[in-house]
Amino acid sequence: MGCVITIMPYQALGRTCFDILNELFAIILEGMVVMCSSIDPQQIKVALLSGGSSGEREISLASGRGACSALREAGFTVDCLDPASKDDLKRLIEGSYDVAFLCLHGRKGEDGVVQGFLELIGLPYTGSGVLASALAMDKARAKACYLDSGIPTPRSITITSESELTPSEIIDELGSRCVVKAATEGSSLGVFIVEGEDELSQAMKEVFAYDSHAVIETYIKGIELTAAVLGNEDAAPLPLIEIVPRNASYDFDSKYAPGGCEHICPARISEEMTARIQSYAVAAHKALGCRGVSRSDFILEEDGTFWMLETNTLPGMTSTSLLPDSAQVAGISFPELCTKLIEFALS
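A quick note: this is a predicted structure, and the numbers were derived from the prediction, not measured.

Q: What exactly am I supposed to notice about the packing of aromatic side chains here?
A: Any aromatic ring pair is given by two values, namely how distant the centres are and how the planes are angled relative to each other. Scanning the model with the defined rule gives three aromatic pairs in all. Here the aromatic rings of Phe298 and Phe306 are separated by 6.3 Å at their centres, their planes lie at 65°, and the arrangement is edge-to-face. Each member of the pair, Phe298 as well as Phe306, carries the same accessibility label: buried. An aromatic cluster is defined as three or more aromatic residues linked by ring pairs; in this entry it consists of Tyr280, Phe298 and Phe306. For Arg177, the ring lying beneath its charged end belongs to Tyr219, and the centroid distance is 4.5 Å.

Dropping the structure here:
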């Protein structure tokens, strides 16, 4: 979409040999690439779901177009369906599909709703199941899972429109610079970075136009990183991506406007730090119960402290999205990536 990827050779980062953890991950990923032909795409009929009714509808449609092209290139028969259309839902139920490929983002697509429908009609689907999808979509509950698993995440408070906490009380707990987030939105919708009581008070009013719950976090300044993970039980991370937004933060425009950001892969951090962050991305994948794919976002502070922000269970699937970018650096083409996601769904 709007970002430029910069592929960095490992030598340019002053890297030497991988540590044991990275060697293990590399072996697993190598196995994933080799086994991309373990299913016959010509024998599989795919229902690709994109669109939906969330605020991320247009982004979802773009993901659908990208994935559809890659799937057809891989040899699959693909029908593109929109779950916002009752006629398309009827086609989904009555069609003789082997698997659903999900390119849905936001509510009623990424939060377990469509996953539950597909469970009901007995159709395998890509990505995580009902519970993991719902947990990851709810930022407050996801953070609880992180903390239970020892994964560092910024201090936060969850509020509703009925909460009696004052901006002053929140600042006493979290500091004067905060991030206010709609609890169950994605793509930076309903996200406000604020400083002081007045801005916090205004954001606390505006956020409820997006959601009935909001998460307020301590603001962390640092390098923005994202770590994709592939697999079910034997999940392994892809190369880290460093995100360099053109704006002050990685907001909606940075993600989707032309030239809004730069993706640098692999990220310009040490091999040791890379391995640590990747291990926490895999830990989050498992803690939430994810399957197939996940992508977790991190902030790395100047002193080496890092924090997990959130996990996405249905990452963007355009040809320039973060997940395909990272897979490309690992030697996995976009058609191979889509094929692998179907393999995970059918396994």
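Q: Even after reading the chapter, I still don't get the nonpolar core, so can you show me in this structure?
A: Generally speaking, soluble globular proteins have nonpolar side chains that are buried together. Judged by nonpolar contacts, the single largest core of 28 residues is most densely connected at Val46, Leu71, Phe101 and Met317. Discounting residues that sit within four places of it in the chain, Phe101 has contacts with Val46, Ala47, Leu48, Leu49, Ala67, Leu71, Thr126, Met317, Cys338, Leu341 and Ile342. Residues Ala227, Phe298, Leu300 and Met308 belong to the second largest nonpolar core, which totals 24 residues.

Q: Would you explain a nonpolar patch on the surface in this entry?
A: On the surface, Ile93, Leu120 and Ile121 cluster together into a nonpolar patch covering about 310 Å² of accessible area. Mapped onto the fold, Leu120 is located in helix α4 (residues 113-121).

Q: Help me understand the state of the cysteines, please; the structure alone is not making it clear to me.
A: Covalent bonding between the sulfur atoms of two cysteines is what defines a disulfide. The final tally for this structure, using the stated rule, is zero disulfides. Considering cysteine sulfurs only, Cys80 is the nearest to Cys68, which forms no disulfide, with 3.4 Å between them. On the basis of relative accessibility, which here comes to 6%, the residue Cys68 falls in the buried class.

Q: Sorry, what's going on with the sheet that holds strand β5 (residues 156-160) here?
A: What links the strands of a sheet is backbone hydrogen bonding, and the strands pair in either a parallel or an antiparallel sense. Spatial ordering of the open sheet is given by β5-β8-β6-β7, a layout of four strands whose pairing is antiparallel. Bordering the open sheet on either side are β5 and β7 (191-195), each of which pairs with just one other strand. Strand-to-strand, the axes of this sheet are offset by a mean angle of 25°, without reference to chain direction. Where strand β6 (residues 177-182) and strand β8 (residues 213-218) come together, five bridges link them in antiparallel fashion. Of the residues in β8, the one forming a bridge with Lys181 is Val215.

Q: It is not clear to me how the confidence of the model for the chain should be interpreted in this structure. Could you clarify?
A: Predicted coordinates in regions of low pLDDT should not be interpreted in detail. In this model, the chain carries a mean pLDDT of 89, and residues with pLDDT of at least 70 account for 84%. The low-confidence segment residues 10-21, where pLDDT is below 50, has 20 contacts with residues more than four positions distant or belonging to other chains.

Q: Honestly, the pattern of salt bridges in this entry has me stumped. Any pointers?
A: Any two side chains of opposite charge can pair if their charged atoms end up close together. What the rule picks out here adds up to 13 salt bridges. The partner of Glu310 in a salt bridge is Lys181, and the shortest N-O contact between them spans 3.9 Å. Taken together, the residues Glu310 in strand β14 (residues 306-312) and Lys181 in strand β6 connect sequence positions 129 residues apart. Since its relative accessible area comes to 24%, Glu310 is described here as partly exposed.

Q: Would you mind showing me how to read the side chain of Asp82 here?
A: By the secondary structure assignment, Asp82 is in the loop between β3 (77-81) and α3 (86-94). Looking at Asp82, its side chain comes within polar contact range of the side chain of Arg57, at 2.8 Å. Filtering out sequence-adjacent residues up to four positions away, Asp82 remains in contact with Ser50, Gly51, Gly52, Arg57 and Asp88.

Rules and cut-offs
- Residues numbered from 1 in each chain as written.
- Predicted model: local features only at pLDDT ≥ 70, side-chain atom pairs only at ≥ 80, totals over all residues.
- Heavy atoms only, no water.
- Phe/Tyr/Trp six-rings, centres within 6.5 Å; stacked < 30°, edge-to-face > 60°.
- Buried < 20%, exposed > 50% of the residue type's maximum accessible area, 1.4 Å probe, protein only.
- Lys NZ or Arg CZ within 6 Å of the ring centre and 35° of its normal.
- Core = buried A, V, L, I, M, F, W, Y, C linked by side-chain atoms within 4.5 Å.
- Contact = heavy atoms within 4.5 Å.
- Patch = residues over 30% accessible without salt bridge, like charges linked within 9 Å, V, L, I, M, F, W, Y side chains within 5 Å.
- Areas by Shrake-Rupley, 256 points an atom, 1.4 Å probe, with all protein chains shown as cover.
- Salt bridge = Lys/Arg side-chain N within 4 Å of Asp/Glu carboxyl O.
- Helix = DSSP H or I, 4+ residues; strand = E, 2+ residues; numbered from the N terminus.
- Disulfide = S-S within 2.5 Å.
- Pairing = 2+ DSSP bridges.
- Axes fitted to C-alpha atoms, helices over the stretch in contact; angles between N-to-C directions.
- pLDDT = per-residue confidence, 0-100.
- Polar contact = N/O pair within 3.5 Å; in protein donor to acceptor, adjacent residues only side chain to side chain.

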